[in-house]
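Results of the structural survey
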Amino acid sequence: MSALEKPPYSDEFYEVMLENESTLQNEFGITDVKVCHLKNSSLVVAYIPADVYRQVISQRGSFEGALIAGAPIIMGLTDTEFNSAIDVYRLRDSPIDLRGQNTIIGIVDTGINYKNEEFIREDGTSRILNIWDMTIDSDDDRVCFGTEFSNEELTNQSAETSDEVGHGTKMAEVAGGRSGVAPNCEFIVVKLKRAKKTILDLYGLSSDIESYESSDVVLGIDYLVTKSIEYRKPISIILGLGTNQGGHDGLTIIERILSQMALRIGVGISVAAGNEALSGHHTSFTLEGASPYYDIEINVANNEKSFFHATFPSPSLSTKQNKIKPTMWEHSNPGNKIPGQACLRIRRAGFPTATLSSGISFVTTLPAPITQRLPIVTPGQMTAPPPIQQSSPIVTG
């Protein structure tokens, strides 16, 4: 079997993050699939045949017993900054000598140029303890897929891994290179494979974009924590990736994993904050009073053919008596550009007052049943015509 036919690399499989392996049988009715187990969590990443996934998600829309059963969040690269911007040298040369000795910096990114002198000691040995390259297929049983390289291979410069993009190398150089924040640290690096075309197509994204799947990021973080335990050294994990997907409520899989791992003794996690606070990707509203509707006006770039929208209920409302589930759907105009504005109508469906948050994104998740969708209209014609689609409500019992 070639690498492109194997589940982690094939477009015929979706990565699905589940709370435990039993969900495969309970929700998908299958058991004989490739599964990657996290060693520091009960979470598993399962590779579900695409046709099975589409069939089940179209029938159910959500899954009882699963933390999440959707396509991975897509994450992009964030900018790197120079050390002078944070006056690192004054901090590093303080009386307490903060140079990273006896610590590990973990990088989950585009890989690293391990031959760079920034990561080589004066005696010629590599400061990088291990690299997990997810892009190189092998039968290496030390990792779920891909290839792991040892410190010996990196010192001998016999490892066939590189960083074609350069982002991961720059992150490592700033954080712990010879001229970086912690020049005496060691490294463990995970090189992510790029997001599959089938996932990018879901979100209307081009395969030319440097983008990665949150399921791989989660596996990479778990690997870093596991290796730091083996080496009995504290680790500072740097995540130079970002996304505007999710409800921004701490409930996505990657948010949960980051929170869990950060509570462990000897584990620190630094995440890029992003700079889109004023971009208007999200809004929030309360459905109450006599009207059960809330209308949202959306500005859409002229060259867009589709976009995704997701609605997330307030966590406090997700109870047995009043269960509200996240809802996501796609808006598209196949083969044509979307006009400059769209109008969405969110319906309460007869339930008590509900506080919801709403996110507009060009990278969210697989479409699910929606309440009511108004047709896309052109500027100056923001009327309220009859709905073109009616299906199950966003609030379900």
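The structure displayed is predicted, hence computed values, not measured ones. (Residues numbered from 1 in each chain as written. Predicted model: local features only at pLDDT ≥ 70, side-chain atom pairs only at ≥ 80, totals over all residues. Heavy atoms only, no water.)

Here the focus is the overall build of the protein chain. Helix and strand counts for the protein chain stand at eight helices and 20 strands. Looking at the protein chain as a whole, 49% of its 397 residues are labelled buried. By sequence separation, contacts in the protein chain at least 24 residues apart represent 75% of the contacts at least 6 residues apart. In the form shown here, the protein chain has an accessible surface area of approximately 18,700 Å², with 50% of it arising from carbon and sulfur atoms. (Helix = DSSP H or I, 4+ residues; strand = E, 2+ residues; numbered from the N terminus. Buried < 20%, exposed > 50% of the residue type's maximum accessible area, 1.4 Å probe, protein only. Contact = heavy atoms within 4.5 Å. Areas by Shrake-Rupley, 256 points an atom, 1.4 Å probe, with all protein chains shown as cover.)

Pairing is antiparallel in the open sheet, where three strands are placed in the order β9-β4-β11. Since the sheet does not close on itself, it has two edges, and those belong to β9 (211-213) and β11 (241-242), each with one partner. The sheet contact formed by strand β4 (residues 74-77) and β11 spans two bridges and is antiparallel. Across the sheet, G76 pairs through a bridge with G242, a residue of β11. (Pairing = 2+ DSSP bridges.)

A word on helix α8 (residues 253-262). Within α8, the full set of buried residues consists of I253, I254, I257, L258 and M261. In a view along the axis of α8, the buried residues occupy a sector of 130 degrees, so they form one face of it. For α8, the elements touching its buried residues are β1 (13-18), β4, α7 (214-231), β10 (235-239) and β12 (267-271). (Arc of directions from axis to C-beta.)

A few words on the pattern of salt bridges. On inspection of all chains with the given rule, the structure shows 13 salt bridges. Between D137 and K6 there is a salt bridge, with its nearest N and O atoms 3.0 Å apart. Taken together, the residues span a long stretch of sequence, with D137 in the loop between β6 (128-133) and β7 (147-150) and K6 in the segment before β1 at a distance of 131 residues. On the accessibility criterion, K6 (19% relative accessible area) is buried. (Salt bridge = Lys/Arg side-chain N within 4 Å of Asp/Glu carboxyl O.)

Among the secondary structure elements, H37 is positioned in strand β2 (residues 35-37). H37 has contacts with E21, L43, V44 and D222, leaving out every residue within four places of it along the chain. Among the polar contacts made by the side chain of H37, one reaches the side chain of E21 at a distance of 2.6 Å. (Polar contact = N/O pair within 3.5 Å; in protein donor to acceptor, adjacent residues only side chain to side chain.)

Across the protein chain, the average pLDDT comes to 74, with 61% of residues at 70 or higher. Note that residues 316-343 has pLDDT below 50 and, in this model, 109 contacts with residues that lie over four places away or in other chains. (pLDDT = per-residue confidence, 0-100.)

Its identity as a non-glycine residue notwithstanding, Q157 has a phi of 55 degrees, on the positive side. Position of Q157 relative to the elements: it lies in the loop between α4 (151-155) and α5 (167-176). Residue Q157 is classed as partly exposed on the basis of its relative accessible area of 38%. In this model, R232 sits at a positive phi of 55 degrees, which is unusual for a non-glycine residue. Turning to its location among the elements, R232 is positioned in the loop between α7 and β10.

Turning next to the side chain of D140. Among the structural elements, D140 can be located in the loop between β6 and β7. Exposure remark for D140: the relative accessible area of 14% places this residue in the buried category. Here E148 takes part through its backbone nitrogen, which lies 3.0 Å from a polar atom of the side chain of D140. Ignoring anything within four residues of it in the chain, the contact list for D140 reads G146, T147 and E148.

What follows deals with the packing of aromatic side chains. Aromatic ring pairs are described here by two measures, namely the spacing of the ring centres and the angle between the planes. By the definition in use, this model includes five aromatic pairs. Pairing F119 with F187 gives two aromatic rings, centres 5.4 Å apart and planes at 80 degrees, and the pair type is edge-to-face. Note that F119 is positioned in the loop between β5 (104-109) and β6 and F187 in strand β8 (residues 186-191), a separation of 68 residues in sequence. The residues F119 and F187 share a single accessibility class, namely buried. By way of ring pairs, the aromatic residues Y9, Y47, W132, F145 and Y223 are connected into one cluster. (Phe/Tyr/Trp six-rings, centres within 6.5 Å; stacked < 30°, edge-to-face > 60°.)

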